Every structure is written in C-alpha cells, then in structure tokens.
Amino acid sequence: MARRFDAVIFDMDGLLLDSERPIRDAWLRLSSLTEADYLLTVGRNRPDSLAVLTEKLGSLAEAERVYAAVDAEIAAQFQDRGFELKPGALALLQRLQGLGVPLAVASSTRHAKVLDRLDAAGIRPFFGPIHGGDQVARGKPHPDLFELAARSLGIHPAKTLVFEDSSYGAQGALTAGMGVVLVPDLKQPDPAIAPQCLVLGSLDEVLPRLPSWFRDN
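Residues numbered from 1 in each chain as written. Predicted model: local features only at pLDDT ≥ 70, side-chain atom pairs only at ≥ 80, totals over all residues. Heavy atoms only, no water.

Draft legend 1. Representation of empty space enclosed by the protein in the model. Considering all chains together, one arrives at 2 cavities of 30 Å³ or more under this definition. Taken as a whole, the largest cavity spans an internal volume of roughly 440 Å³. Lining the largest cavity are 28 residues, with Asp13, Ile23, Arg44, Tyr67 and Thr109 positioned closest to its centre. Broken down by secondary-structure element, the contributors of at least two residues to the lining of the largest cavity are helix H1 (20-30), helix H3 (46-57), helix H4 (60-78) and helix H6 (111-121). Top contributing element to the lining of the largest cavity by residue count: H4, with 4 residues. Residues of the lining of the largest cavity, tallied by class, amount to 8 nonpolar, 8 polar and 12 charged. (1 Å grid on protein atoms, 1.4 Å probe; cavity = no way out; pocket = protein on both sides within 12 Å on 5 of 7 lines; lining within 4 Å. Points joined across faces, edges and corners; volume = space filled by probe spheres on them. Helix = DSSP H or I, 4+ residues; strand = E, 2+ residues; numbered from the N terminus. Nonpolar A, V, L, I, M, F, W, Y, C, P; charged D, E, K, R; others polar.)

Draft legend 2. Main features of unusual backbone geometry. The step from Lys140 to Pro141 runs through a cis peptide bond, and the omega angle for that step is 20 degrees. Checked against the element boundaries, Pro141 lands in the loop between strand S3 (130-131) and helix H7 (144-153).

Draft legend 3. Highlighting the pairing of strand S4 (residues 160-164). Counting buried positions along S4 gives 5 out of 5 residues, so the element sits mostly inside the fold. In S4, alternate side chains face the same way, and those of Thr160, Val162 and Glu164 on one face and Leu161 and Phe163 on the other are all buried. Of the strand pairs in this sheet, strand S1 (residues 7-10) and S4 are connected by 4 bridges, and their pairing is parallel. For Phe10, the partnering residue across the bridge sits in S4 and is Phe163. Sheet topology places S4 next to strand S5 (residues 179-182); 4 bridges connect them, and they run parallel. Paired with Leu161 across the two strands is Gly179, which belongs to S5. Each parallel crossover has a hand, and the one from S4 via helix H8 (residues 167-175) to S5 is right-handed. (Buried < 20%, exposed > 50% of the residue type's maximum accessible area, 1.4 Å probe, protein only. Pairing = 2+ DSSP bridges. Right-handed = clockwise from strand over helix to strand, strands pointing away.)

Draft legend 4. Here's a closer look at the layout of surface pockets. Considering only enclosed or pocket space, the largest pocket measures out at about 260 Å³ in volume. Lining of the largest pocket is provided by Asp71, Ile74, Ala75, Phe78, Gln79, Gly82, Phe83, Lys113, Asp116, Arg117 and Ala120. Where the lining of the largest pocket is concerned, the elements lending two or more residues are H4 and H6. Split into classes, the residues belonging to the lining of the largest pocket amount to 5 nonpolar, 2 polar and 4 charged.

Written out as structure tokens, the structure is:
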C-alpha cells in the first residue's frame, strides 16, 4: 500500500475491542443458531443482521427476542468493566495521536452503544467523529458509513486509511476509495476482498508501517 494518508477510520468490535467472541458465545447459548449462522451477521448493522437472523430463527419476533436477551446478558457482563482491548490497539492509538493523525470510528453497532463501549474501554478520547450503523441508510458492505466518517473528518476518502476486521467492512471502505488494513478476527477474509487490502495478523504489526503512511509531524 504505497500511499500517504491524512486520517484513520477504525471499526470497533473485533478490531479495537475483543467483543466479538463473548457476543458470539451469547448468541450460540441463547438461540438455536450454529456458529456458521452467526458468522453471517459479523460486520453487519442491526437491520441487516435481523434479516439474516429472521431467516435462520424462523421469525422476526424470535430474532428480536434473542437480540434483546443477548443485549441484556452482554450489558450485565461488560457494562462496568468493558471489553478488553485487542493486542496492539492502545499502542497504535497512542502513536497515531502522537503523530497528530485525526481518528474516527465507523462501527456497524448502534451509535449509543459504540459510545458506551468506547467509554468503558477508556479509549473514546482518542477519537473525533464517532459513527454507528444506525446513522446511515445502508450498512456495510455499502460505503455510506465510511463516507459519513470521512465527511465528519473533513478528509477526502482517498486520503483516509481504514482498519477493519470484517470483509463486509473492508468492502465498504474499498468502495469509498479508501486504503484498507484488514485484521481478521472471527472470520477469515473473503478471497475476493483480501487481495485489495493489507492483511495483518494483529494491530501489533501496524506500528513499523506507520512511517510509510503518515508524515511525522
């Protein structure tokens, strides 16, 4: 990725926060879903996930019932202590902040919940614009959420680098014309998407690459 960038947009769940596993485990415990069923929703916003879950669970009412049960269980477990940060996340945020790089969040999770999770993890102050999946008409893999974040940053999409863990998110960022670093979490990257991204094993691998992407201010 031989490009220079002026800003960074981060996904949240599964990328900055180690949240996907406990959420997945709650879904598997509280519903009849298989892991393969659940993985179809990873990276999608709530309406798109509900469409998948309605098909798998047999009705919208059942999908919404389980959604509410999962939300309640996750809130009870993590509202006070928050999710753990993914390896390398804090060091990366600190280094980008030190370089003066504007940072934003574009998460498929609902906006209010994004704010709560970032607060609980202690990393909300690193970010300027913070956007959730309920703030756009079309969720990932459409580019709308990333375009919104870029407008909020005041940075052209082509000068924006996105960090994602899901192929849905990576596809949306690529469609917006952004550079993409893909750090897979629960799902291996889509073979059609991965060649268009820089695929890394963890955020720990990012720091040595920053000088090639950002000017040291």
